[in-house]
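Structure assessment
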Amino acid sequence: MDYQDASAWDPCATLATSLTLEDLSKASHLLQHSDSEQYETPVLKLVGDAKEKGYKRVCMPLTTEKWKQRWSEMCLLPTESSEQDKESAAKTAEAWRLNPAFHREEVTITRLDEAEGVISMISDWLELDAADDWVRHDAEIALKQELAYASYLNIHTAILPPPRNRDHVASYARIVNSCLSKSPYIYLSIRLPIYNPSAFHPASPVSALPPASPVGGLSPDARSRSTPSFVISESEQPQSTSGASLNATWEMWDVIRSMCDYNPRLTLTLDLSPALPTTLGVLSKWAAESVRHVFLPSSTFIANMKGYPVLPKPTQQFIRDSMIHRPTIILAEVGDGHHSRGGEAAYSQYVRHLEKTSAAVQATRKAGTVENFAQGYQDYLQAPLQPLMDNLPSITYQTFEQDPVKYAQYEEAMYRAFLDRPDGEKVVVCVAGAGRGPLVARCFKALERANREATVIAVEKNPNAFVTLQHRQATEWNNKVKLCFGDMRVIDVPEKADILVSELLGSFGDNELSPECLDGATRFLKPSGISIPSSYTAHLAPLSSSKLYNEARSTKNDKSLETPYVVMFQAVNILSGTKASADGRCGPQVQECWEFEHPRRDAVLDSRGLPLTNSHNARSANLRFYIPHAGILHGLAGYFEAVLYGNIGLSIHPQRKDQVSKDMLSWFPLFFPFKEPLYLPSNSELQVSIWRLTNDRQVWYEWHAESFISIPATAGVSEELLLGQPFSASLSTSTFSSMGAPSPLVDSRELTHLDTNRLSAYDHAASGSADYETVKIGHTSLHNPGGRSSWIGL
């Protein structure tokens, strides 16, 4: 198959090619020596050629070497320059700072048609996080000048040079935030390697010049400098894949996007030049980030047995998993002949092959799967239903009735319940909350399969749906159903039931008031009667997702961040570890909160058989999660499991749903957002408290979280062991000087920091089992106290 053929394959990812200044020079030379008038400029020729090869976008530098040279001559001077040269350069630089502008030969694009479909690469020699204030100042002016020109050309996306100096990443972030404010119509994408700080190596911005100092700099240490550039050397890649190394670039990104207040126009360009580690668990955090582009140079590819380019297995899997987010894959250096066979087309064909074989993509294209059903709803926040306050429209019922798995499970549960009754006994079945009648229809199918007879009662409070029930009674059920109109908590039924069937569950099990509704409907049961479902449990896991966080706060209303939402998760990362901790302090990745059982036999009832209060339906849970890799807590993911009858159930639990009720469509998970993102370092613990509370009118949830880290409490531990030394001044001049630090909160040169690597070393060296003490490192506010922002009405 030709993977470039859009008619044969509807691609998720967009393919782009990366062009260089050398490519522009070659195209210019060809045009000068060609009689063809097809293209007027070298840029138009390169863009046209790229489109003919199947690329939808072209990524290219916005400026030339002449701009780099002029900026360096203005803003950096050789240390041996005369006073006259310094004064002249200072005046030139000040004139430029007053009115930044390009010369014609300093830019690659001059026409609007040239910029169509172009992603601009901002000059990678701009050092926005330089240690020197003047260099940062002039780099900021140059950046804004380039972005202003890109905006003038109607370029929609610009890729920024990567941060290089951990000590000054805050300065980088401040500059980016300023640019987002100043250039309101352009997306800024920060290019970062997916891990490994040593992927950056120093190179001089102006190789022809001797060591230089910033013009206008008043710093007494006007020292020799070199500007880091993004250079990957395969032979120099380190073997270490420690947690600090793997987390370093993500933590820099976290500082930047946080200081930019999660601006939706700030995105990521992940550079896959470094080889990925074989264990991808630590990389899952990138799934929760706004990755817009993936930079994939030919040097990342390896040759297969036949000489064609393929990717190492970890990179293959990462690309396959990323396809669901519809990224733009930027292929670079693919025309340089790095591989003996296949040519340039082999790279794009291979990427399309990875896309086509992606399990996530295949699921979206397979009819009957949740992923296919949820197209267009991924990461879309929906308010949960208010089933007692609102009457659902017919289209909502119809949507839920499209779920064959749920109703097949209900039918099987009823079938087995009928078989377990004595043969020849007539059974009374009550369907509470019958809606448009799908459970009634399945009840008759189960009776036919079991060869049993039953009296079927259907209770429904929605007057509009009750009309549909009457229609089906006359046309399908031959008046075999006893229809009862009214609220199941109030009305009476003609006779007591042996089996009570309901579908009142929500995404968190009880969040659509199933307990309260069934408290009233339990009156319909005989003393020996059973309920389908017989029980259900609520489950939670800590979640990171910058997209969901941004969506929840987009209304600028605090109430929106205290409201649980129904969401089909996609761009999310579950932060908790997949296994419970050995000491038993922390539970599994997804933990159970509470359970409801029906029929409830221990409630105190009034003369009508109804509970006197709703206090018996209040619940609370205190859960502790182990956080193996650093991440940002944006909210909690809520799931449910239900036992219908025997071993027949329903589940949206991420680890058990395929075993219990695979491809069930009716429920998406619940998302409990946090107003303040909470940073969780590697090897930390998260304690989550959640309450289900009620009064005589409402039910609501409140939630809260605290983070902790454990440190040895042994008396012999020295202060030097527990506290890392402040970073030395010499480190600040090295590229990525302190990226290896485990947390962006503890990298300050003025402050000592908790060195978790030393703690780990101590732990392994100590004989016997050491005592530990738990230190609190952060918490959130209490969310939705008293149901002030969100509640379900009784």
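Above: the structure in question.
Residues numbered from 1 in each chain as written. Predicted model: local features only at pLDDT ≥ 70, side-chain atom pairs only at ≥ 80, totals over all residues. Heavy atoms only, no water.

Counting its secondary structure elements, the protein chain contains 22 helices and 33 strands. When contacts within the protein chain are restricted to residue pairs at least 6 apart in sequence, long-range pairs at least 24 apart make up 82% of them. Entry remark: accessible area of the protein chain is about 34,300 Å², with carbon and sulfur atoms responsible for 50%. (Helix = DSSP H or I, 4+ residues; strand = E, 2+ residues; numbered from the N terminus. Contact = heavy atoms within 4.5 Å. Areas by Shrake-Rupley, 256 points an atom, 1.4 Å probe, with all protein chains shown as cover.)

What follows deals with the sheet that holds strand β2 (residues 57-61). Sheets are built from strands paired through backbone hydrogen bonds, the pairs being either parallel or antiparallel. A barrel is described by the order of its strands in space; here eight strands give the closed sequence β1-β2-β4-β5-β6-β10-β11-β14, paired in parallel fashion. Adjacent strand axes in the sheet meet at a mean angle of 25° when their direction is disregarded. Pairing of strand β4 (residues 118-121) with strand β5 (residues 157-160) involves two bridges; the strand directions are parallel. Counterpart to Ser120 in the pairing with β5 is Ala158. Contacts from helix α10 (residues 345-356) reach β1 (14-18), β11 (291-297) and β14 (328-332), with the element oriented near 150° to β14. (Pairing = 2+ DSSP bridges. Axes fitted to C-alpha atoms, helices over the stretch in contact; angles between N-to-C directions.)

Quick look at the packing of aromatic side chains now. Under the defined criterion, the tally for this structure stands at 21 aromatic pairs. Aromatic side chains Tyr377 and Tyr380 sit 6.3 Å apart centroid to centroid with 70° between the ring planes, which places their arrangement in the edge-to-face category. Pairing Phe508 with Trp594 gives two aromatic rings, centres 5.8 Å apart and planes at 80°, and the pair type is edge-to-face. Linking Phe508 in the loop between β18 (497-502) and α17 (514-521) with Trp594 in strand β23 (residues 591-597), this pair joins segments that are 86 residues apart in sequence. As far as the burial class goes, Phe508 and Trp594 line up, both buried. Among the aromatic residues, those joined into a cluster by ring pairs are Trp67, Trp71, Trp96, Phe102, Trp125, Tyr149 and Tyr152. (Phe/Tyr/Trp six-rings, centres within 6.5 Å; stacked < 30°, edge-to-face > 60°. Buried < 20%, exposed > 50% of the residue type's maximum accessible area, 1.4 Å probe, protein only.)

Before going further, it helps to spend a moment on the sheet that holds strand β15 (residues 427-432). Reading across the sheet, the five strands line up as β17-β16-β15-β18-β19 and stay open at both edges, with parallel pairing between neighbours. Here the strands that pair on one side only, and so sit at the sheet edges, are β17 (481-485) and β19 (525-532). Looking at each pair of strands side by side, their axes are set apart by 25° on average, direction ignored. Sheet topology note: the β15/strand β16 (residues 454-460) ladder contains six bridges and is parallel. Looking at β16, one finds that Cys430 is bridged to Ile457. With respect to the sheet, helix α15 (residues 438-450) is in contact with β15, β16, β17 and β18, its orientation differing from that of β16 by roughly 170°. Together, β16 and β17 form the strand contacts of helix α16 (residues 463-475), whose direction differs from that of β17 by roughly 165°.

Within helix α9 (residues 313-322), seven of the 10 residues are buried, leaving the element largely enclosed by the surrounding structure. Taken together, the buried positions of α9 are Pro314, Thr315, Gln316, Phe318, Ile319, Arg320 and Ser322. Buried residues along α9 sit in contact with β10 (266-271), β11 and α10.

The end-to-end C-alpha distance of helix α14 (residues 404-419) is 22 Å, a good match for the 22 Å that 16 residues give at a rise of 1.5 Å each. Counting buried residues in α14 gives 12 out of 16 residues, a clear majority hidden from the surface. Taken together, the buried positions of α14 are Val405, Lys406, Tyr407, Gln409, Tyr410, Glu411, Glu412, Ala413, Met414, Tyr415, Ala417 and Phe418. One side-chain oxygen at the N-terminal end of α14 lies 3.0 Å from the backbone nitrogen of Val405; it belongs to Asp403. (Expected span 1.5 Å × (residues − 1). Polar contact = N/O pair within 3.5 Å; in protein donor to acceptor, adjacent residues only side chain to side chain.)

In this section: the packing of helix α3 (residues 65-75) against helix α6 (residues 133-152). The geometry of α3 relative to α6 is characterised by a closest axis approach of 11 Å and an angle of 145° between their N-to-C directions. When the axes of α3 and α6 are compared, the crossing they make is right-handed. Contact residues: Trp67, Trp71 and Cys75 in α3; Val135, Asp138, Ala139, Ala142, Gln145 and Glu146 in α6. Taken together, the residues of the contact of α3 with α6 break down into six nonpolar, one polar and two charged. (Left-handed = near helix turned anticlockwise from the far one by under 90°. Nonpolar A, V, L, I, M, F, W, Y, C, P; charged D, E, K, R; others polar.)

In terms of nonpolar packing, the biggest core is built from 197 residues, with Leu188, Leu331, Phe418, Phe508 and Ile532 touching the most fellow members. Looking at this core element by element, the count peaks at nine residues for strand β25 (residues 631-645). Aside from chain neighbours lying at most four places away, what touches Leu331 is Leu15, Ala16, Thr17, Ser18, Tyr55, Leu296, Phe301, Tyr347, Ser348 and Val351. Counting residues in each nonpolar core, the second largest holds eight residues, with Cys59, Ile119, Met121 and Ile330 among its members. (Core = buried A, V, L, I, M, F, W, Y, C linked by side-chain atoms within 4.5 Å.)

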